[in-house]
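Read off the chains here:
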Amino acid sequence: MADPMRIRAKMEGDKTVVRVLMSHEMETGQRKDSAGKTIPAMFIQEVTATCNGKTVLSAQWGTSISKNPYLQFAFSGAKAGDKVVVSWVDSKGDKRTDEAAIAA
Amino acid sequence: MMQWRGGALMLGAALVAVSVGAQAQSGGDTIKKIEEYRQALADGNPADLWEARGEDLWKQKRGPKNVSLERCDLGKGPGVVKGAYAELPRYFADADRVMDLESRLLHCMTTQQGMTRAEALKVPFGDGEKRSDMEALSAYVAGESRGVKMNVSQAHAKERQAYALGQKLFYYRGGPHDFACATCHGEANKRIRLQDLPNLTETKDAQKAYTTWPAYRVSQGELRTMQWRLNDCFRQQRFPFLEFGSDTSVALLTFLARNANGAEFNAPAIKR
């Protein structure tokens, strides 16, 4: 199973700023291994973030996103102590969900 | 083998494009721009992922003896991680040797957890799905010295011997190009391709170099340690393969670490 994400969420003014690091190879399908064989593509395809049951971010990703992606976004309507839940699903169907409480 | 990947930084690059791009007009040289780019990336340093995995590995019961590394003495007493990296390499009486972090971890994995050397070093340097426990553990331990001043001892005779040998090696010319470390790292304002070569004979550069490793190497998508750094410089120098944790590597690290004394440790960092 994939490693946990590192999620930091923090109030900045009336916005919540979320910083997420994901552990993922994000294979583009363009690389070859040392034997010259193409390494099949395998990448995070869907990313969603929710807070208090509402979706605050929904994204479709592809092979142009880096290995071990870093995602930063902001949304409004939450307060310190609320939980942000982030999930991803990759092109193999592997998934991972982690959460963090919003810091003041 | 890991191949350089052109798309490696797309997301990071896209997200920081605004701030970097806005300053691009103001001129300045390439090196300054690379520095800005590094700073823009530091906020989302994937080294965090290695530190988290390393902390987990440190606390997990592993090896044939099924014990964690929480009794491993990194020099400040069994299990003390905080500030340990800033005082390494150092002399360890139980091994009667000077050891850097990685050779010490190897020592604990073999003596306490009961792994063979080959098991403990199955993946010294990670490559994608082949992940290195050593790199993760090193990231975790090093991270626990963030903000601590480098304080490498020369009290024991073997510590002084290691430093002297490291210094000698640093200036020792050899190989097909007749290179020493000093050939590439002994003068200011030198570079290879776009890479600034630190002048490691000068305190400021020596401190900055040492206190920013281990580091997440963006171009490789991996976290790298000082053993890796030396290994790669040996390769660039066309020297024979450097054995992991060897006395040669520890001597060079003693020389480099001691020369960084007084500087605040600030790694795992992020490098191009």
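Looking at the overall build of chain B
Summing up its helical and strand segments, chain B has eleven helices and seven strands in all. Classification of the 272 residues of chain B by burial places 50% in the buried group. Partitioning the intrachain contacts of chain B with sequence separation of at least 6 by distance along the chain shows that 67% fall at a separation of at least 24. Accessible surface, chain B: about 12800 Å² in total, of which carbon and sulfur atoms supply 52%.

Observations concerning the sheet that holds strand 7 (residues 95-101) of chain A
Residue and element names in this part refer to chain A. The strand order across the open sheet built from four strands is 4-3-6-7, with neighbouring strands paired in antiparallel fashion. Whereas interior strands pair on both sides, the edge strands pair on one side only; in this sheet they are strand 4 (54-60) and strand 7. Averaged over all adjacent pairs, the angle separating strand axes in this sheet is 15°, with direction ignored. As judged from the seven bridges shared by strand 3 (residues 44-51) and strand 6 (residues 83-90), these two strands associate in the antiparallel manner. The residue of strand 6 that forms the bridge with A49 is V86.

Comments concerning the environment of L101(B)
All names here are of chain B. Inspection of the secondary structure puts L101 in helix 4 (residues 101-111). The sequence separation of L101 and G175 amounts to 74 residues, and the corresponding C-alpha distance is 28 Å. When neighbours within four sequence positions are excluded, L101 is seen to be in contact with L74, Y85, L88, S138 and V141.

What about the state of the cysteines?
Formally, a disulfide is one covalent bond, and it connects the sulfur atom of one cysteine to the sulfur atom of another. Inspection of the entire model under this criterion finds one disulfide over all chains. Of the cysteine sulfurs around C181(B), a residue in no disulfide, the closest is that of C233(B), at 7.3 Å.

Observations concerning helix 11 (residues 247-258) of chain B
Residues and elements named next belong to chain B. Along its twelve residues, helix 11 runs 16 Å from first to last C-alpha, staying within 8% of the 16 Å computed at 1.5 Å per residue. Most of helix 11 sits out of view: nine of its twelve residues are buried. Among the residues of helix 11, those classed as buried are S249, V250, A251, L252, L253, T254, F255, L256 and A257. As for helix 11, its buried residues are in contact with strand 2 (97-99), helix 4, helix 7 (157-171), helix 8 (181-185), helix 9 (203-210) and helix 10 (226-236).

Description of the pairing of strand 7 of chain A
All names here are of chain A. Taking every second residue as pointing to the same face, the buried face of strand 7 carries R96, D98 and A100, while none of K95, T97, E99 and A101 on the other face is buried. Note: strand 6 against strand 7, seven bridges, orientation antiparallel. Following the sheet pairing, V86 is matched in strand 7 by D98. Counting the residues in the hairpin turn of strand 6 and strand 7 gives four residues, including G93, whose phi is positive at 95°.

Quick word on the interface of chain A and chain B
Contacts between chain A and chain B engage 26 residues on the former and 26 residues on the latter. Both faces considered, chain A and chain B share a buried interface measuring about 2100 Å² in area, 49% of it formed by carbon and sulfur atoms. Among the ionic pairs, E222(B) bridges to K67(A), the shortest N-O distance being 3.3 Å. In this structure, the connection of chain A to chain B is made through four residue pairs in polar contact (both at pLDDT 80 or more). Elements with a contribution of two residues or more to the side of chain A that touches chain B: strand 1 (6-12), strand 2 (15-21) and strand 5 (70-76) of chain A. Of the residues forming the side of chain A that touches chain B, the biggest block, three residues, is contributed by strand 5 of chain A. Grouping the constituent residues of the side of chain A that touches chain B by class yields nine nonpolar, seven polar and ten charged.

Calculation notes
- Residues numbered from 1 in each chain as written.
- Chains lettered and ligands numbered in written order.
- Predicted model: local features only at pLDDT ≥ 70, side-chain atom pairs only at ≥ 80, totals over all residues.
- Heavy atoms only, no water.
- Helix = DSSP H or I, 4+ residues; strand = E, 2+ residues; numbered from the N terminus.
- Buried < 20%, exposed > 50% of the residue type's maximum accessible area, 1.4 Å probe, protein only.
- Contact = heavy atoms within 4.5 Å.
- Areas by Shrake-Rupley, 256 points an atom, 1.4 Å probe, with all protein chains shown as cover.
- Pairing = 2+ DSSP bridges.
- Axes fitted to C-alpha atoms, helices over the stretch in contact; angles between N-to-C directions.
- Disulfide = S-S within 2.5 Å.
- Expected span 1.5 Å × (residues − 1).
- Buried area = accessible area lost by both parts, 1.4 Å probe.
- Salt bridge = Lys/Arg side-chain N within 4 Å of Asp/Glu carboxyl O.
- Polar contact = N/O pair within 3.5 Å; in protein donor to acceptor, adjacent residues only side chain to side chain.
- Nonpolar A, V, L, I, M, F, W, Y, C, P; charged D, E, K, R; others polar.

Coordinates in, geometry out; function isn't part of it.
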